Amino acid sequence: MEAGSSTLEYPWKFREFCRYLERQMSFFSGFLAANSTQQRRRISGLFLVLTFGFGLIQVWACRYELSPDSMDYLDIAREVAAGHWAAVANGYWGTLNSVLLAPLFRFHPSPERELLLAHSEGIVVSLFAFFAFRFFLNSVLDTISLHTDAGKGVESGSLPEWSLCLLGYSLFLWSSLTIIGVAIIGNDLLVTAFVYSAAALLLRLRRESGLLSFLAFGSLLGVGYWAKAIMFPISLVFLAVLIFRVPRWKQNLCCVLAFAVVAAPLLFALSVPRGRFTFGDSGMLNYSSMVNPGGPVIDWQGDPIASGVPKHPTRRITVNPSIYEFNGPVQGTYPPSYDPSYWNEGRRASFSLFSQLRVLLHHVPPVAELFLVTQPSLTAGFLFLLFWSSGGFLGGLSRHWELLTISLSFVALYMLVHFEPRFVGAFVVFIWLSAFLSLRLPANRDSQRIAGFSIIALVIAMLLSFASDTGKKIVNGCPESTQSQLEMAHQLALPPDTPIAIVGYGNFSYWAHFAKLRIVADIRSPDDFWLLPGDQRRRLYDVFRRTGAEWIIGQPPSTLANLLDAGWKRVGKTTYYCYSLQ
């Protein structure tokens, strides 16, 4: 009897649970309101607050973070602030974000304040990206509404609009906070803003014929190219999709001309001094180094032979240990990384099927991890809804071929050379959103209710993961903290623009940037230097002196610090030592 009572109890509990969920859904629907415009506005307002809040916390937690790339972006910003506008035409780094950072250097902030202000600019860029994404998401939803209102029935079984809003903004937060990172000083988040805006205009141009819209689309792509060189080929993909999808030859011609006009100044500034056409050398240099034929980007001397003949490389003045000198003409804290395209002029890339397949296969696991593992709730939610759907998923994907073509092209380009998740933040959003948009659910109330519950659970899980990641950063800080290097810059107390030589890796010598010093020579194998007998080390001092350096600065192993030659002095309480060459 007791067993029978227990068996009869389960359906009753399940019905009670369903009623509870319905009450929660009623509350949620009340928050959203019945009007579609108000739903979008309220969800957008909620995620705007979350974007600003999470971004602010992330920036504060990582206010001391810096990377080699970030140091070069700040060096370019410093040059632009000083009125050296030629720094904008950098053959390796996209410089638009540095131009936006340049006004901060007009006030000559302290190193600590410089870092905080540079990170704070990331919040401004994240808000720009948010409104660009809102423009894109509204364009997607408007397109769906038009299909539904036209009675085509294509989207009648899709997810509820409010659930697509929640999902879309959650994907945006994931891309901006986790995949890219608001606190990273660089151009990747800025690029996503241009990509979202371009995708939004592309969707709208399918139903708009105004010339101004086409001109805006081309101009936007052109400005995006100034942010990062990879946007040049991606812009060509955008334009090709537009021409194929919207066959209006006059408007399309004007669109292409607008892109050409905006991009032309940078193309000329990069191509004319080099005597060849280039939209940026970062792709070619990375392909040559990482795919075929190989060889380093920093201090490339022409090895291997198939990589080309260097025209003006960094100058290797000793062999064992190797000392490299680069005192002019390139500026920056560490000239070899400030503009690698100059030092690698004459370099070639060559195709090898074996090398290409090796690199491509090497990138498959991180790409699969990014899309399927890093947000397990997203993968699980999609698979559940796919199982619940009524079929037609592949047909739904074909209706979003524009976004998928552009996104997969971008991901494939990086997989061919060098892939990092932060490079493809916006396109991860496009691919996942296209997948959810392609789901076809049974057109009944129960299916819509289950889909809504699933999306709410998915979004809550994603928000909890964002909160967890942010909490870890608050407690543990960010991995690339420069607090000790800030102290080093203060204790060193050398005049700005002092030429120095370093024993170590210049692109990680952030203290030199904070102290506004110029690294003109280095030994990138520090152990080889510190382990030399004293007389051999003293002979190298004369070599360093001939490079124009006034000081040698390095960080010897603690076991050797007390055995250094006379003349080496410890820098304050840091672990660095300096030697005067004057």
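As shown above, the structure is provided for reference.
Residues numbered from 1 in each chain as written. Predicted model: local features only at pLDDT ≥ 70, side-chain atom pairs only at ≥ 80, totals over all residues. Heavy atoms only, no water.

**Describing the overall build of the protein**
A count of helical and extended segments in the protein gives 23 helices and 7 strands. Along the first, second and third principal axes, the C-alpha atoms of the protein reach 95 × 70 × 50 Å. The buried share among the 582 residues of the protein stands at 53%. Restricting the contact set of the protein to residue pairs at least 6 apart, pairs at least 24 apart contribute 74%. Of the roughly 25900 Å² that the protein leaves accessible, carbon and sulfur atoms contribute 64%. Charge centroids of the protein, computed over 46 positive and 39 negative side chains, lie 5 Å from each other. (Helix = DSSP H or I, 4+ residues; strand = E, 2+ residues; numbered from the N terminus. Buried < 20%, exposed > 50% of the residue type's maximum accessible area, 1.4 Å probe, protein only. Contact = heavy atoms within 4.5 Å. Areas by Shrake-Rupley, 256 points an atom, 1.4 Å probe, with all protein chains shown as cover. Lys, Arg positive; Asp, Glu negative; His and termini not counted. Charge placed at Lys NZ, Arg CZ, Asp CG, Glu CD.)

**Re unusual backbone geometry**
Following Asn292, the chain continues into Pro293 via a peptide bond in cis, with omega recorded as 10 degrees. Look at the link from Gly328 to Pro329: it is a cis peptide, with omega at 0 degrees. In this structure, Pro329 sits in the loop between strand 2 (322-325) and helix 12 (335-338). At Asp497, a position not held by glycine, the phi torsion is positive, near 70 degrees.

**Regarding the sheet that holds strand 6 (residues 568-570)**
Pairing within the open sheet is mixed, and its 7 strands lie in the order 1-2-4-3-5-7-6. Edge positions in the sheet fall to strand 1 (315-319) and strand 6, since each of these pairs with one other strand and no more. Across the sheet, the mean angle separating the axes of adjacent strands is 25 degrees when strand polarity is ignored. Inspection of the sheet shows strand 3 (residues 499-503) paired to strand 4 (residues 518-523) by 5 bridges, in the parallel sense. Bridge pairing in strand 4 links Pro499 to Arg518. (Pairing = 2+ DSSP bridges. Axes fitted to C-alpha atoms, helices over the stretch in contact; angles between N-to-C directions.)

**Considering the pairing of strand 2**
Across the two faces of strand 2 the burial is the same, with Ser322 and Tyr324 and Ile323 and Glu325 all buried. Two elements, strand 1 and strand 2, share 4 bridges in a ladder whose sense is antiparallel. In the strand pairing of strand 2, Arg316 is matched with Tyr324. By the bridge criterion, 2 bridges tie strand 2 to strand 4 in an arrangement that is antiparallel.

**Topic: the packing of helix 7 (residues 188-204) against helix 8 (residues 211-227)**
One way to put it is that helix 7 packs onto helix 8 with a least axis distance of 10 Å and a crossing angle of 165 degrees. Taken together, the axis directions place helix 7 and helix 8 in an arrangement best described as roughly antiparallel. With respect to the hand of their crossing, helix 7 and helix 8 are arranged in left-handed fashion. Every residue of helix 8 that contacts helix 7 at Leu190, Val191, Phe194, Ser197, Ala198, Leu201 and Leu202 is listed here: Ala216, Phe217, Leu220, Leu221, Val223, Gly224 and Ala227. Residue classes in the contact of helix 7 with helix 8 are distributed as 12 nonpolar, 2 polar and no charged. (Parallel < 35°, antiparallel > 145°, perpendicular 65-115°, else oblique. Left-handed = near helix turned anticlockwise from the far one by under 90°. Nonpolar A, V, L, I, M, F, W, Y, C, P; charged D, E, K, R; others polar.)

**Side note on the pairing of strand 5 (residues 551-554)**
Burial along strand 5 is two-sided: Trp551 and Ile553 facing one way and Ile552 and Gly554 facing the other are all buried. Pairing of strand 3 with strand 5 involves 4 bridges; the strand directions are parallel. Note that in strand 5 the partner of Val503 across the bridge is Gly554. As paired elements, strand 5 and strand 7 (residues 577-580) share 4 bridges and run antiparallel to each other. Considered in strand 7, the bridge of Trp551 is made with Ser580.

**Focus: the packing of aromatic side chains**
What the rule picks out here adds up to 38 aromatic pairs. Seen from their ring centres, Phe326 and Tyr334 are 5.5 Å apart, and the 85 degrees between their planes marks the pair as edge-to-face. With a centroid separation of 6.0 Å and an interplanar angle of 40 degrees, the aromatic rings of Trp432 and Phe436 are classed as tilted. With a gap of 4 residues between them, Trp432 and Phe436 both fall in helix 18 (residues 425-437), about one helical turn apart. (Phe/Tyr/Trp six-rings, centres within 6.5 Å; stacked < 30°, edge-to-face > 60°.)

**Digging into the environment of Leu560**
Mapped onto the elements, Leu560 comes out in the loop between strand 5 and strand 6. Excluding residues that lie within four positions of it along the chain, Leu560 makes contacts with Trp530 and Leu531.

**Quick word on the pattern of salt bridges**
One pass over the full model with this rule turns up 17 salt bridges. A salt bridge links Glu402 to Arg206; the nearest nitrogen and oxygen atoms lie 3.1 Å apart. With Glu402 in helix 17 (residues 401-417) and Arg206 in the loop between helix 7 and helix 8, the pair connects residues that are 196 residues apart, well separated along the chain. Judged by relative accessible area, which is 3%, Glu402 ranks as buried. Ionic pairing is found between Arg518 and Asp497, a salt bridge with its closest N-O pair at 3.1 Å. Here Arg518 is found in strand 4, whereas its partner Asp497 is found in the loop between helix 20 (483-492) and strand 3, with 21 residues between them in sequence. (Salt bridge = Lys/Arg side-chain N within 4 Å of Asp/Glu carboxyl O.)

**Some words on helix 10 (residues 249-274)**
The largest bend along helix 10 reaches roughly 45 degrees and is located at Ala263, with the proline Pro265 sitting one to four residues downstream. Within helix 10, burial applies to Gln251, Asn252, Cys255, Ala258, Phe259, Ala263, Leu266, Leu267, Leu270, Ser271 and Arg274. Buried positions along helix 10 lie against helix 8, helix 9 (231-245) and helix 13 (340-343). Phi turns positive one or two residues past the end of helix 10, at Gly275, with a value near 70 degrees. (Bend = angle between axes of the 7 residues up to and from the residue.)

**Observations concerning the nonpolar core**
Counting residues in each nonpolar core, the largest one holds 103 residues, and the members touching the most others are Phe136, Trp174, Phe217, Phe238, Trp432 and Phe436. In this view, Trp174 contacts Ile179, Leu370, Thr374, Gln375, Leu378, Val428, Trp432, Met462 and Phe466; residues no more than four positions away in its chain are not counted. Residues Tyr324, Trp511, Phe514 and Ala515 belong to the second largest nonpolar core, which totals 45 residues. (Core = buried A, V, L, I, M, F, W, Y, C linked by side-chain atoms within 4.5 Å.)

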